[in-house]
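Structural features, examined
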Amino acid sequence: MAQVISIHSFRGGTGKSNLTANIATAVASQGKRVAIVDTDIQSPGIHVLFGLDEEDFTHSLNDYLWDKCSAKDAAYDVTAQVITGSGTPANISGTVYLVPSSLKAGEIAKILREGYDVGLLNDGFHDLIDQLDLDYLFIDTHPGLNEETLLSIAISDRMVIILRPDRQDFLGTAVTLEVAQKLDVPDITLLVNKAPDIYPRETLIDKVQSQYGVPVGGLFYENDEMLQLASGGIFWLHHPDHAFSQEVHTVARQLLAAE
Amino acid sequence: MSHPAHGDPPAPRQQQSAGAGPKTMTDLLLLADPERTLVNWLVRQRGASIAEIAVHLGTEPTLVQALLDDLIAAGFVTVDLTSDPAVFKPNLISRKPRTVPDQLWKALD
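Now for a look at the structure at hand.

Basis of the calculations
Residues numbered from 1 in each chain as written. Chains lettered and ligands numbered in written order. Predicted model: local features only at pLDDT ≥ 70, side-chain atom pairs only at ≥ 80, totals over all residues. Heavy atoms only, no water. Helix = DSSP H or I, 4+ residues; strand = E, 2+ residues; numbered from the N terminus. Buried < 20%, exposed > 50% of the residue type's maximum accessible area, 1.4 Å probe, protein only. Contact = heavy atoms within 4.5 Å. Areas by Shrake-Rupley, 256 points an atom, 1.4 Å probe, with all protein chains shown as cover. Buried area = accessible area lost by both parts, 1.4 Å probe. Salt bridge = Lys/Arg side-chain N within 4 Å of Asp/Glu carboxyl O. Polar contact = N/O pair within 3.5 Å; in protein donor to acceptor, adjacent residues only side chain to side chain. Nonpolar A, V, L, I, M, F, W, Y, C, P; charged D, E, K, R; others polar. Expected span 1.5 Å × (residues − 1). Pairing = 2+ DSSP bridges.

Focus: the overall build of chain B
A count of helical and extended segments in chain B gives 5 helices and 4 strands. Beginning at the N terminus, the succession of helices and strands in chain B can be written as β-α-α-α-α-β-β-β-α. In chain B, which comprises 109 residues, the share counted as buried stands at 39%. The contacts in chain B between residues at least 6 apart in sequence include a share of 65% that link residues at least 24 apart. Looking at chain B as shown, the accessible area adds up to about 5900 Å², and 54% of this sits on carbon and sulfur atoms.

See below:
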């Protein structure tokens, strides 16, 4: 049975989309069929990491929500677009699909203005799972708590919350956890991202775990290579031996182990 | 509100109360624990019959019907009578329409 995993952060700039793309691709590299849905309708962007731009897709999640296409029609197989640092295809053994959100200002405004049927979004997720024979559906959410995010949390088998070692992130994560518990999310994992290297790994993990009572699935240190890549690809394929990449695979293995 | 006798399969309501729903996910967070837990479960299931809900809750269908009646009246749940047995579904939208002036929206179209 497919796992629905929502990736969330209370604040923007945590590296949520970047980690989502990296982890989802790492899971796919283990032979799994994976889809990523960009439900960050207000500020979409994860498609950039897969080398797509607006002209590359004719349908988006917005079209599905307006009944202009099926959910499957808005899903693009981006496996071939996943490339290594040398520009060659990554030869991922599984499959990665991406359901992008529209980048057109008018279409973003229409969704904000009119809203949409939550049941339709939920049905679309399940249609994708069935029709694409998925093993994992990753939901890249909008930062903070809003209606779409609450739905994504509510239907998830697992929620991954990304935070930085920052007081505002810590406070926001507490709120997010409270909401997730109210929505009966079965499994919650924290990922600490953009940690300055002055913090010892075990100390930071212990601090976060003891503060929230939730396991930390991974700790990612800030690094220059990530800044240089600038969302220009999937990091672990560009820097396979980097500590960040090893941690991505550690998180992916945890998700696979929970199958 | 009357309910069928204990053990009888309760008849679902024919329609939801007018104007009560749909509700938002934020409204859902404000529900009391038992009601919220049931709607959370219905969201995950995308709908369920009264028998399935009774099995999930480990309670009698008559008690489930009372809970569902309240949720239908409040606008959180609808019932699909075209299915046999009837299916109770969450009645949620992503957000209520925004009240931003039309001129602003038109500028974005």
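A short note on the interface of chain B and chain A
The partner chain A presents 30 residues to the 20 residues of chain B that form the contact. A buried area of about 2300 Å², summed over both sides, lies between chain B and chain A, and 52% of it is on carbon and sulfur atoms. At the boundary of chain B with chain A, the tally comes to 1 salt bridge. Of the charged contacts in the structure, one is a salt bridge between Asp123 of chain A and Arg46 of chain B, with a shortest N-O distance of 3.2 Å. Between chain B and chain A we count 12 residue pairs in polar contact (both at pLDDT 80 or more) in total. Here the side of chain B that touches chain A takes 5 residues from helix H2 (residues 33-45) of chain B, the largest share from any one element. Per-class residue counts for the side of chain B that touches chain A are 9 nonpolar, 5 polar and 6 charged.

Quick notes on unusual backbone geometry
The peptide bond linking Asp84 of chain B to Pro85 of chain B adopts the cis configuration, its omega dihedral lying at 5 degrees. Assignment of secondary structure puts Pro85 of chain B in the loop between strand S2 (77-80) and strand S3 (87-90). Positive phi, normally seen in glycine, also occurs at Asn91 of chain A, with a value near 55 degrees. Locating Asn91 of chain A in the fold gives a position in the loop between strand S3 (76-77) and strand S4 (95-99). Positioned with a positive phi, Ala230 of chain A is a non-glycine residue whose angle comes to about 50 degrees. Looking at the element boundaries, Ala230 of chain A is found in the loop between helix H8 (224-229) and helix H9 (235-238). For Ala230 of chain A, a relative accessible area of 56% puts it in the exposed group.

Some points on H2 of chain B
Along an α-helix, a turn takes 3.6 residues, which lines up residues three or four apart on a common side. Residues and elements named next belong to chain B. Look at H2: 18 Å from first C-alpha to last across 13 residues, which is about the 18 Å you get at 1.5 Å a residue. Where H2 is concerned, the buried positions are Glu35, Arg36, Leu38, Val39, Asn40, Trp41, Leu42, Val43 and Arg44. In the segment just after H2, Arg46 is the residue with positive phi, at about 70 degrees.

Digging into the environment of Asn91 of chain A
A relative accessible area of 71% means that Asn91 of chain A is categorised as exposed. For the pair Asn91 of chain A and Ala80 of chain A, spaced 11 residues apart in sequence, the C-alpha to C-alpha distance is 7.6 Å.

Here's the deal with the environment of Val48 of chain A
Looking at the element boundaries, Val48 of chain A is found in the loop between strand S2 (33-38) and helix H2 (61-65). Val48 of chain A sits 186 residues away from Ile234 of chain A along the chain, and the two C-alpha atoms are 10.0 Å apart.

Regarding the pairing of S3 of chain B
Residues and elements named next belong to chain B. Note: S2 against S3, 4 bridges, orientation antiparallel. Paired with Thr78 across the bridge in S3 is Lys89. Between S2 and S3, which follow one another and run antiparallel, lie 6 residues.

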